[in-house]
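Here is how the chains run, residue by residue.
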Amino acid sequence: MILRDIAHLRTGDKGDISQIAIFVHAAEDYELLVRCVTAERIVAHFADLPIRAIRRYELPGIGALNFVLEGALRGGVTRSLALDAHGKTLGAQLLDLVIDPF
Amino acid sequence: MTGRTIRIGAGAGFSGDRIEPALELVEHGALDYLAFECLAERTIALAQAARRVDPAVGFDPLLESRMRAVLPAARSRGVKIVTNMGAANPLGAARLVTRIARALGLHGVRIAAVLGDDVLDIVRSDRFPLVDRAGTSRDIEPGMVSANAYLGAEGIVAALAGQADVVITGRVGDPALFLGPLIHGFGWAMDDWDRLGRGTVVGHLLECAGQVTGGYFADPGVKDVPGLARLGFPFADVREDGTAVLGKVAGSGGCLSVATCKEQLLYEILDPAAYLQADVVADFRTVAFEQLGADRVAVRGGTGRARPDTLKVSIGYEDGFVGEGQISYAGPGAVARGRLALAIVEERLRLTGVPVTDLRTELIGVDSIDRTGRQAGTEPREVRARVAGRAPTRAAAERIGAEVEALYTNGPFGGGGAVAAVRDVLAVASTLIDRTRVSPSVHYEVA
């Protein structure tokens, strides 16, 4: 199972911070999301991203996790040399994160 | 729904946004207010740079098109307009809208400009610690082109109380464009933190317009969205207690669901318990959504705490130039030829002594946006080599694209579609200013 099977997500940016919010489709999968999608796994998944610090916020009421990736946008959209300076495509790259239900 | 509601629509979610959905809302949305959010982080800096060349501009380039499109219908239906399209020149924008209204025969339209966000003189004259990096405003003072405080709803509320039909601001917090009409319409106290927090939730959901009605959402086969080419923009029916029902015009494209609302609720939010705005610190943790019907979603919950004593200030400053070049390769061996092309450009820039810093080389289709470091299973049939670098002068930055174009005859075989570009970098840094040093004021024009 991969993340795309149980969740959808949206990516935003603030300065050189990338923010990725992940939402389970079904409330009963929230525990699985909380257990499997940890800050450590996000950092490991984005091997080429210069993440300075990462924070995870839990929002059980709407079945969401909010990840804040500091430093991910290399100076932010206004200075970045990146093709995707906003990092809008980052969240989608998480969709094949393996989710282990056991 | 019982009790009085205020219906407020979103007419734009960014500077270049489509205009038809705004007109559709005015004509068929039975709105009380229409808000256009058109200022990204850097837009004011760009506008200020434009104004230095031509003092008559400095506001949103689409201001005239938008106003010509919606003003007649807004006037006849009594829809009031609130927008931050004033950018670096709200007064100039208000005067232009006045001329447009007269040209359209809409006499008597009252247009307000909210001033006071421009704090460039204050920031220039002092040393403000930067909040997103080390150093102070003094470090970037030589290239500084703009400094604008994120105002709250206060000026908008005053303008509406002053009978304005159109309110034009420079920098205000995006949700304030929506919160202002709610405070004015319901008479909310400026220290009623929970109501201001809930109004901020509504404003935040609406401020990106089509992003809550199915834009930035579709993933075919997983999350399908009908009619994106006719995407409709949202409105909210807000009650006095700050709860709301979101909807969109019947027959418009897109979809409005609990899922689209959840995604937009957290869009660009860092700590959901502390969404810092000039008017309130909003807490999104108790927000809940309920699907009431097709494209109708109820929004409940959300709280607020006392507003901060400081206002965020965005400083725009010149930060050198970026040069870029791209060229494509195809067929078997495309990746290897693309890599060779990148290596040649890197070496050429070194050999010819171009003062480039932060050079970035990558293959579009292989490793330009993917940040997982993983290899694709099969070699792509085509790649596009991209080189981007920072340089202190325009001439040096131009050398980057020139070396990419030179690959046509000097590089690997089969390179096609080369392009070269240079842009001057207007970077943004942030600081905080004591709110007592910033005083919004309202100026009126009458068509």
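Throughout, a residue's number is its position along its own chain's written sequence, starting from 1. All chains are assigned letters beginning with A, and all ligands numbers beginning with 1, in the order in which they are written. For a predicted model such as this one, the threshold for reporting local features is a pLDDT of at least 70, and the threshold for listing and counting side-chain atom pairs is 80 or more; totals across whole chains, interfaces and linings nevertheless cover every residue.

**Remarks on unusual backbone geometry**
Residues and elements named next belong to chain B.
(1) Moving on: With a phi close to 50 degrees, Ala209 is a non-glycine residue in the positive phi region.
(2) Moving on: Secondary structure counts use DSSP, requiring at least four H or I residues in a row for a helix and at least two E residues in a row for a strand, with both numbered from the N terminus. Turning to its location among the elements, Ala209 is positioned in the loop between α8 (193-206) and β7 (234-239).
(3) Moving on: Buried residues are those with 20 or more other C-beta atoms within 10 Å of their own C-beta, exposed residues have 12 or fewer, and partly exposed residues lie in between; C-beta atoms are placed from the backbone. Look at Ala209 and you get buried, because 26 C-beta atoms sit within 10 Å.
(4) Moving on: Residue Tyr216 is not a glycine yet carries a positive backbone phi of 60 degrees.

**Remarks on the nonpolar core**
All names here are of chain B.
(1) Moving on: Residues Leu34, Val97, Ala112, Val167, Ile168, Leu246 and Val299 are the most contacted members of the largest nonpolar core, which totals 165 residues.
(2) Moving on: Residue contributions to this core peak at 8 residues, all from strand β14 (residues 310-330).
(3) Moving on: In this entry, domain limits derive from an automatic or database-based domain assignment. Taken together, domain 1 (5-116 + 151-308) and domain 2 (316-430) each give at least three residues to this core, which thus spans both.
(4) Moving on: If we skip the residues at most four places from it in the chain, Ile168 touches Thr83, Met85, Gly86, Pro90, Ala93, Ala94, Val97, Ile111, Ala112, Ala113 and Val114. Put simply, a nonpolar core is buried Ala, Val, Leu, Ile, Met, Phe, Trp, Tyr and Cys residues tied into one set by C-beta atoms within 7 Å. Contact between two residues is assigned when their C-beta atoms, built from the backbone, lie within 7 Å.

**Some remarks on the pairing of strand β12 (residues 296-300) of chain B**
Residues and elements named next belong to chain B.
(1) Moving on: What you see with β12 is a clean split: Val297 and Val299 sit on the buried side and Arg296, Ala298 and Arg300 on the side with no burial.
(2) Moving on: Strands qualify as paired when DSSP identifies two bridges or more between them. Examined bridge by bridge, strand β8 (residues 244-248) and β12 share 3 bridges and lie antiparallel to one another. Paired with Ala244 across the bridge in β12 is Val299.
(3) Moving on: Bridge count for strand β11 (residues 288-293) against β12 is 5 bridges, and the pairing is antiparallel. If you follow Gly293 over to β12, its bridge partner there is Arg296.
(4) Moving on: In textbook terms, the turn of a hairpin is the stretch between consecutive antiparallel strands, and for β11 and β12 this stretch comprises 2 residues, one of which, Asp295, has a positive phi near 55 degrees.

**Considering the interface of chain B and chain A**
Where interface size is given, it is often the accessible area lost as the parts come together that is meant.
(1) Moving on: If you look at the interface, chain B gives 40 residues, while chain A gives 31 residues.
(2) Moving on: Broken down by secondary-structure element, the contributors of at least two residues to the side of chain B that touches chain A are α9 (258-265), β14, β15 (357-364), β16 (382-391) and β17 (416-434) of chain B.
(3) Moving on: Here the side of chain B that touches chain A gets 5 residues from one element, more than from any other, and that element is β17 of chain B.
(4) Moving on: All residues other than Ala, Val, Leu, Ile, Met, Phe, Trp, Tyr, Cys, Pro, Asp, Glu, Lys and Arg, Gly among them, are scored as polar; the first ten of these are nonpolar and the last four charged. Counted by class, the side of chain B that touches chain A contains 18 nonpolar, 6 polar and 16 charged residues.

**What to know about the domain arrangement of chain B**
(1) Moving on: Once the domains are mapped, chain B shows domain 1 (5-116 + 151-308) and domain 2 (316-430).
(2) Moving on: The C-alpha-based centres of domain 1 of chain B and domain 2 of chain B are spaced at 39 Å.

**Observations concerning the sheet that holds β12 of chain B**
Residue and element names in this part refer to chain B.
(1) Moving on: Taken in spatial order, the 10 strands of this open sheet run β11-β12-β8-β7-β1-β2-β3-β6-β4-β18, and their pairing is mixed. Lying at the two open borders of the sheet, with one neighbouring strand each, are β11 and β18 (441-446). Adjacent strand axes in the sheet meet at a mean angle of 20 degrees, parallel and antiparallel pairs treated alike.
(2) Moving on: The strands touched by helix α4 (residues 90-103) are β4 (110-115), β6 (166-169) and β18; relative to β4, the strand with the most contacts, the crossing angle is about 170 degrees. Fitted lines through C-alpha atoms serve as axes, helices being fitted only where they are in contact, and the angles separating the N-to-C directions of these axes extend from 0 to 180 degrees.

**As for the environment of Gly108 of chain B**
Residue and element names in this part refer to chain B.
(1) Moving on: Among the structural elements, Gly108 can be located in the loop between α4 and β4.
(2) Moving on: In sequence terms Gly108 and Arg171 are 63 residues apart; their C-alpha atoms lie 27 Å from each other.
(3) Moving on: Excluding anything up to four places from it in sequence, Gly108 contacts Val446 and Ala447.

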